[in-house]
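For reference, the chains in residue letters:
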Amino acid sequence: LHEDNVDLAAAVEAARRLVAVRAESSHIVLRARLAANLPPLAGDERMVKQMVLNLLSNAIKFTPARGSVTLSAAPSPSPRIAQTTFCIRIAASRM
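This structure is a prediction, so every number in the text was calculated from the model and none was measured. (Residues numbered from 1 in each chain as written. Predicted model: local features only at pLDDT ≥ 70, side-chain atom pairs only at ≥ 80, totals over all residues. Heavy atoms only, no water.)

Q: How would you sum up unusual backbone geometry? Please name residues and give values.
A: For histidine 27, which is not a glycine, the phi torsion comes out positive at approximately 55 degrees. Looking at the secondary structure, you find histidine 27 in the loop between helix H1 (8-25) and strand S2 (29-34). Residue classification places histidine 27 among the partly exposed residues on the basis of a relative accessible area of 44%. In this structure, arginine 66 is a non-glycine residue whose phi angle is positive, near 70 degrees. Here arginine 66 shows up in the loop between helix H2 (45-61) and strand S4 (68-75). (Helix = DSSP H or I, 4+ residues; strand = E, 2+ residues; numbered from the N terminus. Buried < 20%, exposed > 50% of the residue type's maximum accessible area, 1.4 Å probe, protein only.)

Structure below.
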């Protein structure tokens, strides 16, 4: 592992580009809602990108056609807690 400061927004965008075609072919709307003030994430950049890619790939795999996948990340509201909340939401089909 090579620990460094990772730009989570860049990792999310890289993963989103890789799965976009698969999402579009299943008519799945793919959204990213990232807070503008995300702090750098301490970790291995390659592993963080792989984690995000795996989460998005699985979310698309298990989302019904015409559904949506929303990935969101925001810093903790408490200044005493150094963490970022990371969530992927899968919505049922939009009819």
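Once the structure has been displayed, the description carries forward.
Q: Tell me what's going on with the nonpolar core, and back it up with residues and numbers.
A: Among the nonpolar cores identified, the biggest contains 18 residues, and Leu8, Leu30, Val52, Leu56, Ile60 and Val69 are the most heavily contacted of them. Looking at this core, the elements that each hand over two or more residues are H1, H2 and S4. A per-element tally of this core places H1 first, with 6 residues. In this structure isoleucine 60 touches Val19, Arg22, Ala23, Ile28, Leu30 and Val69, once residues within four positions along its chain are discounted. (Core = buried A, V, L, I, M, F, W, Y, C linked by side-chain atoms within 4.5 Å. Contact = heavy atoms within 4.5 Å.)

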